[in-house]
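# Structure assessment
Residues per chain, in single letters:
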Amino acid sequence: MNHEAHVSVEERVLGFLSGQTTESPFSLFAQLREMGPVISVRNPLGESVGNSWMITKMDIATQVLKDAKSFTVDPSSIESDSGFREDILTEKNSSPDTFFTGKSMLFIDGIDHKRLRRLVSKAFTPKYMESLRPRIQELADELIDQVKDKGRMDLVKDYAYPLPINVISEMLGVPKEDRANLQIWSSAIAKGLGWGKQDPGIQKHLKEFGAYTKELVERKRITPADDLISQLIEIEEEGEQLNEDELISMITLLIFAGHETTSNLIATGTMMLFDHPEQLDQLKADLSLIPTAVEELLRFNGPTTSVGPRFAKVDLELAGQSIKKGDMLLIMVKSANRDEEKFHDSDGLDITRDIHRHLAFGFGMHMCLGAPLARVEGDIAFTTLLGRLPNLQLSIPPEEVNWQFSISSQSIESLPVSF
Ligand code: HEM
């Protein structure tokens, strides 16, 4: 690669990492894959906090994600802590915990991670998720009933957002009237928090989210119900497996992770189908292809751009690069999912593709707990949408669709459609 091209890649990486760019990252990722699977990048947290590496390809990404001996999600567990999340954690004592400020399974490893994950894993087995199908179907149908006669809707506001938030809220036992606030906090958190990035006002949202959850727990202590929060309170009150901070962190994680990404899958997935009309037609003609199509939409351009950074626990070599203890690894799952060595025509959308593995739900110990739920929701959401509104089409020119690309995720603000 010549010098000029290299400099421009570096600048693009910086723009991407600083969260300043609204550009789709795929052409940048393709350039990075050409350079190698492990690329040295300037640390988004500043020069003083160790080296950073971007992982661009499938084999190395899976290797890192499954190697708990060499890598951790929790930088405070190694001596050379990089300061990741420090600004936010310094405020910790002044507010109730959330999944981000407190001790949630997403940011810890080892036996504590296993203990926390085990407490809720039964509620997310594929078998249990299948049992929720009839209720999820009802919720999807209700949303379509509300718009069917109007001939148009905002697919984000009227369908992609309310479906997952209602599903996870019913599982957890979050009252209907509180769900609008969850949207405000979750989308502010999704947009406002990144690696070394914190939007002004984000503390306020995290605090309100934590305070609300604490108050909800108090209400449920007095009046328990048949829901996951009440079950977790029971475990907490037994005293050995879960403390109150962990309980609040866990609930905020389940609420946040349980809807934000799935909404994005439905909205951006629909947009990708609009962008590939021949694939959309094929799917409409045979709705039994939907589960395969959902996997391909997740691979092709899933909601997650990168999983949480991993930190090296030891000095080691990775694809010829010398990684030092404390270095930060940024694992670009969206790039790994376009790895030319793993997928034929990796930049093409093929809803019949036979996928051995994609990384849209991550991999290893922290692989998405909610993947079985997201899959059932995706299946029902697309089947209901295309089955009941076969003339679905985008009402604005595609270039006017407001995409939000960030380091860790992507979303669409609004998607006007007619049918
Ligand atoms: C299409 C929808 C979804 C996508 C693309 C997605 C993606 C991911 C990814 C990539 C991770 C791994 C993060 C990491 O390794 O740093 C993750 C973890 C997690 N997800 Fe999801 N997710 C989705 C839906 C859900 C749903 C519906 C839930 C339900 C509660 C959920 C709950 C979780 C939890 C609790 C974790 C943390 C697991 C752990 O650390 O052990 N997710 N998700």
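The structure this text deals with has already been given above.
Residues numbered from 1 in each chain as written. Predicted model: local features only at pLDDT ≥ 70, side-chain atom pairs only at ≥ 80, totals over all residues. Heavy atoms only, no water.

## Thoughts on the overall build of the protein
Convention followed: Only DSSP runs of H or I reaching four residues or more are called helices, and only runs of E reaching two or more are called strands; each is numbered from the N terminus. For each residue, the accessible area found with a 1.4 Å probe, counting protein chains only, is set against the maximum for its type, and the residue is called buried under 20%, exposed over 50%, and partly exposed in between. Whether two residues touch is decided by their heavy atoms; if any such pair falls within 4.5 Å, the residues are in contact. Accessible areas in this description were obtained via Shrake-Rupley with a 1.4 Å probe; residue shielding takes into account the shown protein chains only.
For the protein, the count of helices and strands is 18 helices and 14 strands. Burial analysis of the protein (419 residues in total) assigns 55% to the buried set. Pairs at least 24 apart in sequence give 71% of the contacts found in the protein among residues at least 6 apart. Counting only carbon and sulfur atoms, one obtains 50% of the accessible surface of the protein, whose full area is about 18,200 Å².

## Here's the deal with the coordination of the iron atom of the ligand
Under ideal tetrahedral coordination, the four donors around a metal are separated by 109.5 degrees; under ideal octahedral coordination, the six donors are separated by 90 or 180 degrees. Definition in use: Metal donors were taken as nitrogen, oxygen and sulfur atoms no farther than 2.8 Å from the ion, or 3.2 Å where the ion is Na, K or Ca. Water is excluded, so coordination may look unfinished.
Coordination of the iron atom of the ligand by the protein involves just one donor, Cys368 (SG), at a distance of 2.3 Å. Residue placement: Cys368 occurs in the loop between α17 (333-336) and α18 (371-388).

## Topic: the packing of aromatic side chains
Applicable threshold: Only Phe, Tyr and Trp rings are paired, with Trp represented by its six-membered ring, and only when their centres lie within 6.5 Å; those with planes under 30 degrees apart are stacked, over 60 edge-to-face, the remainder tilted. Here, a charge over a ring is recorded when the distance from Lys NZ or Arg CZ to the ring centre is within 6 Å and its angle to the ring normal is within 35 degrees.
Evaluated as defined, the whole model comprises three aromatic pairs. Residues Phe16 and Phe29 carry aromatic rings whose centres are separated by 5.6 Å and whose planes lie at 85° to one another, so their mutual orientation is edge-to-face. Taken together, the positions of Phe16 in helix α1 (residues 3-17) and Phe29 in helix α2 (residues 26-35) put the pair 13 residues apart, joining distant regions of the chain. Look at Phe16 and you get buried, because its relative accessible area is 6%. A relative accessible area of 0% places Phe29 in the buried class. Between Trp185 and Tyr212, the ring centres sit 5.6 Å apart and the planes meet at 40°, which makes this aromatic pair tilted. Of this pair, Trp185 sits in helix α10 (residues 179-192) while Tyr212 is found in helix α11 (residues 202-222), placing the two residues 27 residues apart along the sequence. You can call Tyr212 buried: its relative accessible area is 9%. Clustering of aromatic rings is evident, with ring pairs tying together Trp185, Phe209 and Tyr212. The aromatic ring of Phe343 is capped on one face by Arg299, whose charged end is 4.9 Å from the ring centroid. Sitting over the ring of Phe300, Arg338 keeps its end group 4.1 Å from the ring centre.

## So, the sheet that holds strand β10 (residues 328-331)
Going by this rule: Criterion used throughout: strands pair if DSSP finds at least two bridges between them.
The five strands lie next to each other as β1-β2-β10-β7-β3, forming an open sheet whose pairing is mixed. Strand pairing shows two members of the sheet lacking a second neighbour, β1 (38-41) and β3 (71-72), which therefore form its edges.

## So, the nonpolar core
For clarity, the threshold we go by: Put simply, buried Ala, Val, Leu, Ile, Met, Phe, Trp, Tyr and Cys residues joined by side-chain atoms within 4.5 Å make one nonpolar core.
Counting 91 residues, the largest nonpolar core has Phe124, Leu232 and Leu415 as the members making the most contacts within it. With nine residues, α18 is the single largest residue contributor to this core. Leu232 has contacts with Val120, Leu242, Leu247, Met250, Ile251 and Leu254, leaving out every residue within four places of it along the chain. In this structure, Val64, Val307, Leu329 and Leu359 belong to the second largest nonpolar core, which totals 21 residues.

## Digging into the site of the ligand
This is how the line gets drawn: Here a residue counts as near a molecule or strand whenever at least one of its heavy atoms sits within 4 Å of it. Polar contact criterion, stated in full: a pair of N or O atoms within 3.5 Å, where within protein one must be able to donate a hydrogen and the other to accept it, and residues adjacent in sequence count only if both atoms are side-chain atoms.
Of all residues adjacent to the ligand, which total 28 residues, the nearest are His113, Arg117, Arg310, His366 and Cys368. The separation between an oxygen atom of the ligand and a polar main-chain atom of Gly308 is 3.1 Å. A distance of 2.8 Å is found between an oxygen atom of the ligand and a side-chain nitrogen or oxygen belonging to Arg310. Looking at the shell around the ligand, the elements that each hand over two or more residues are α5 (110-121), α13 (244-257), α14 (260-275) and α18.

By themselves, these observations are geometric and do not establish any function.
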